[in-house]
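What the coordinates show
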Amino acid sequence: MTALGIDVGGTYTKWVTLEGDAVSGSGTVPTPPGPEETVKLAASLAPHAESIGIGLPGHVDRDTGTALFVPNPPGDWDGYPVGAQLRALTGLPVRVVNDARAFARAELELGAARGLADVLFAVLGTGVGGAVALAGAVLVGPRDNLGEIGHVTVSPWGPVCCCGNRGCVETFAGGPGIVRAFGSSRMNAVAAQVTAAEVAEAARAGDERAARAFDQAGWALGVALGDAAAFFGVGSAVVGGGVSGALDLMRSTLHTELARRRPLIGEVTVLPAVLGPMAGAIGAALYGRRSG
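These numbers were taken from a predicted model, which means no experiment stands behind them.

As a further point, take the environment of Gly127. Structurally, Gly127 is set in the loop between strand 8 (119-124) and strand 9 (128-134). Residue classification places Gly127 among the buried residues on the basis of a relative accessible area of 16%. Sequence separation of Gly127 and Ala88 is 39 residues, and the distance between their C-alpha atoms is 30 Å. In this structure Gly127 touches Asn72, Glu170 and Gly174, once residues within four positions along its chain are discounted.

In structure tokens, the structure reads:
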């Protein structure tokens, strides 16, 4: 059975086709300007697929396939009937899921968490997604919203987040947050012209401002994972997403924060994701295949 998985991001949209558990095709394109255009893109990728799973960076109604709160991609997604529209265009079974839960499903079944039962997940990209697996199952919640590690408050008076809160992990450990921290002592015009990957390159070249931006990101992620470990009693975490390539630059403050809380939460092992940038699309395909 050929399963198509699509991972819609704030900046890029990734897709894979799965034959069994093997990736038989993949690609990355800029995220289209709105949900209608994204659905048309998804339909164009499905001529040989037998099922479709699509992961969105926000909350969804899995039963109806409707986007409920999807703030980062371009366009107005809230209330858009993604599943119904994609089924109408393709005639295929469609599952609409949260992208972080899709990432977690992929890493749990085929990646870094394979063989583990209880795991925390964090996905660092334009935003910061999160998920929790207990007893080998990824937890969902009524809006596919359980495990939002990226929206744990680490600084109540911090930057405004897209969710309406202040000081979420996402505002420090997401790509734009890292760029903002790097540019806070520079002209805003300069900060707007760089990417998180370029900040990482600067940090590795010895730029102290860049290093501090990643120290702050690691601290914020450590606070969130520590809170989640205290709440769920979980001792393993998998970190992935586009920004996780700089996880090495965050590890010092991340581990310091977790170590500070070790008497309560015990040892928390932080593992890098192994499925790479296509993990979310792979997980979406796995979910979509279950609908066929």
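After that view, the rundown keeps rolling.
There is about 1100 Å³ of room inside the largest pocket. Around the largest pocket sit 50 residues that line it, and Leu124, Gly125, Thr126, Gly127 and Gly242 are the ones nearest its centre. Looking at the lining of the largest pocket, the elements that each hand over two or more residues are strand 1 (2-8), strand 2 (12-19), helix 3 (99-110), strand 8, strand 9, helix 5 (175-183), helix 7 (196-204) and helix 11 (279-290). Among the residues making up the lining of the largest pocket, the classes are represented as 23 nonpolar, 21 polar and six charged.

Further remarks concern the nonpolar core. Counting 44 residues, the largest nonpolar core has Leu120, Val169, Ile178, Val199, Phe214 and Leu225 as the members making the most contacts within it. Listed by contribution, the elements that provide at least two residues to this core are strand 8, strand 9, helix 4 (170-173), helix 5, helix 7, helix 8 (208-232), strand 11 (236-240) and helix 9 (247-260). Considering each element in turn, this core owes the most residues, 11 residues, to helix 8. The contact partners of Leu120, leaving out residues within four places of it in the chain, are Ala131, Val132, Ile149, Leu225, Ala228, Ala229, Phe232, Val234, Ser236, Ala237 and Val238. Residues Val39, Val60, Val70 and Tyr80 belong to the second largest nonpolar core, which totals 21 residues.

What follows is about helix 3. A rise of 1.5 Å per residue sets the reference length of helix 3, with its 12 residues, at 16 Å; its end C-alpha atoms lie 16 Å apart and thus fit the reference within 8%. For helix 3, the buried fraction is high: 11 of the 12 residues fall into the buried class. Every buried residue of helix 3 is listed here: Asp99, Ala100, Arg101, Ala102, Phe103, Ala104, Arg105, Ala106, Glu107, Leu108 and Leu110.

Our next topic: unusual backbone geometry. Residue Ala135 is not a glycine yet carries a positive backbone phi of 55°. Here Ala135 lies in the loop between strand 9 and strand 10 (137-138). Positive phi is not limited to glycine here, since Asp144 has a value of about 50°.

To continue, consider the packing of helix 1 (residues 35-44) against helix 2 (residues 82-90). At a minimum axis separation of 9 Å, helix 1 and helix 2 run at an interaxial angle of 40°. By the criterion of interaxial angle, the relationship of helix 1 to helix 2 is oblique. Seen from above, helix 1 lies across helix 2 with right-handed handedness. Residues Val39, Lys40, Ala42 and Ala43 of helix 1 form the contact with helix 2, whose participating residues are Val82, Gln85, Leu86, Leu89 and Thr90. Its residues placed into classes, the contact of helix 1 with helix 2 shows six nonpolar, two polar and one charged.

Parameters at a glance
- Residues numbered from 1 in each chain as written.
- Predicted model: local features only at pLDDT ≥ 70, side-chain atom pairs only at ≥ 80, totals over all residues.
- Heavy atoms only, no water.
- Helix = DSSP H or I, 4+ residues; strand = E, 2+ residues; numbered from the N terminus.
- Buried < 20%, exposed > 50% of the residue type's maximum accessible area, 1.4 Å probe, protein only.
- Contact = heavy atoms within 4.5 Å.
- 1 Å grid on protein atoms, 1.4 Å probe; cavity = no way out; pocket = protein on both sides within 12 Å on 5 of 7 lines; lining within 4 Å.
- Points joined across faces, edges and corners; volume = space filled by probe spheres on them.
- Nonpolar A, V, L, I, M, F, W, Y, C, P; charged D, E, K, R; others polar.
- Core = buried A, V, L, I, M, F, W, Y, C linked by side-chain atoms within 4.5 Å.
- Expected span 1.5 Å × (residues − 1).
- Axes fitted to C-alpha atoms, helices over the stretch in contact; angles between N-to-C directions.
- Parallel < 35°, antiparallel > 145°, perpendicular 65-115°, else oblique.
- Left-handed = near helix turned anticlockwise from the far one by under 90°.

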